[in-house]
Amino acid sequence: MSANVKSLIIGAVMLVGGLILWMVGGGVEIPVFSLDKVGIVLAVLGGIELVITASVMIFPPKKKLDR
């Protein structure tokens, strides 16, 4: 499995996990963070990971020519 596919899977898991925390964690109180806010941050980071990885897969970096 290539690094891009692994990165896509990680981004998707982060996005889904963040959405679940955001929907379910609203009533849960822990001392430092509220779980719905952690879910939002996790979902945003997962979405960014997906977008960046997809753009690298669609538009691969150009190879330099040896001169």
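Look up: the structure comes first, before these words.
Residues numbered from 1 in each chain as written. Predicted model: local features only at pLDDT ≥ 70, side-chain atom pairs only at ≥ 80, totals over all residues. Heavy atoms only, no water.

Undergrad: I would appreciate a short explanation of the overall build of the protein chain in the present structure.
TA: Scanning the protein chain from N- to C-terminus turns up 2 helices and 0 strands. By the compact-globule yardstick of 11 Å for 67 residues, the protein chain is too spread out, its C-alpha radius of gyration being 17 Å. Overall, the protein chain is about 60 × 20 × 15 Å in size when its C-alpha atoms are taken along their principal axes. Here the protein chain holds 67 residues, and 13% of them are scored as buried. For the protein chain, the accessible area works out to roughly 5,400 Å², and carbon and sulfur atoms hold 74% of it. A distance of 19 Å separates the average location of the 6 positive side-chain charges in the protein chain from that of its 4 negative side-chain charges. (Helix = DSSP H or I, 4+ residues; strand = E, 2+ residues; numbered from the N terminus. Rg over C-alpha atoms; globule rule 2.2 N^0.38 Å. Buried < 20%, exposed > 50% of the residue type's maximum accessible area, 1.4 Å probe, protein only. Areas by Shrake-Rupley, 256 points an atom, 1.4 Å probe, with all protein chains shown as cover. Lys, Arg positive; Asp, Glu negative; His and termini not counted. Charge placed at Lys NZ, Arg CZ, Asp CG, Glu CD.)

Undergrad: Would you explain the environment of glycine 18 in this entry?
TA: For glycine 18, the location among the structural elements is in helix H1 (residues 3–24). In this structure, the C-alpha to C-alpha distance between glycine 18 and glutamate 29, residues 11 residues apart in sequence, is 17 Å.

Undergrad: Sorry, what's going on with the packing of H1 against helix H2 (residues 35–58) here?
TA: When two helices pack together, their arrangement is given by the angle between their axes and by how far apart the axes lie. At a closest axis distance of 7 Å, the pairing of H1 and H2 adopts a crossing angle of 155°. Judged on the interaxial angle alone, H2 and H1 are roughly antiparallel. In this structure, the crossing between H1 and H2 has a hand that is left-handed. Along the lines of polarity and charge, the residues of the contact of H1 with H2 split into 17 nonpolar, 9 polar and 2 charged. (Axes fitted to C-alpha atoms, helices over the stretch in contact; angles between N-to-C directions. Parallel < 35°, antiparallel > 145°, perpendicular 65-115°, else oblique. Left-handed = near helix turned anticlockwise from the far one by under 90°. Nonpolar A, V, L, I, M, F, W, Y, C, P; charged D, E, K, R; others polar.)

Undergrad: Explain the side chain of serine 7 to me, please; I cannot follow it from the model alone.
TA: Its place among the elements puts serine 7 in helix H1. A polar contact is formed between the side chain of serine 7 and the side chain of threonine 53, at a distance of 2.9 Å. Not counting the four nearest positions on each side in its chain, serine 7 is found in contact with Glu49 and Thr53. (Polar contact = N/O pair within 3.5 Å; in protein donor to acceptor, adjacent residues only side chain to side chain. Contact = heavy atoms within 4.5 Å.)

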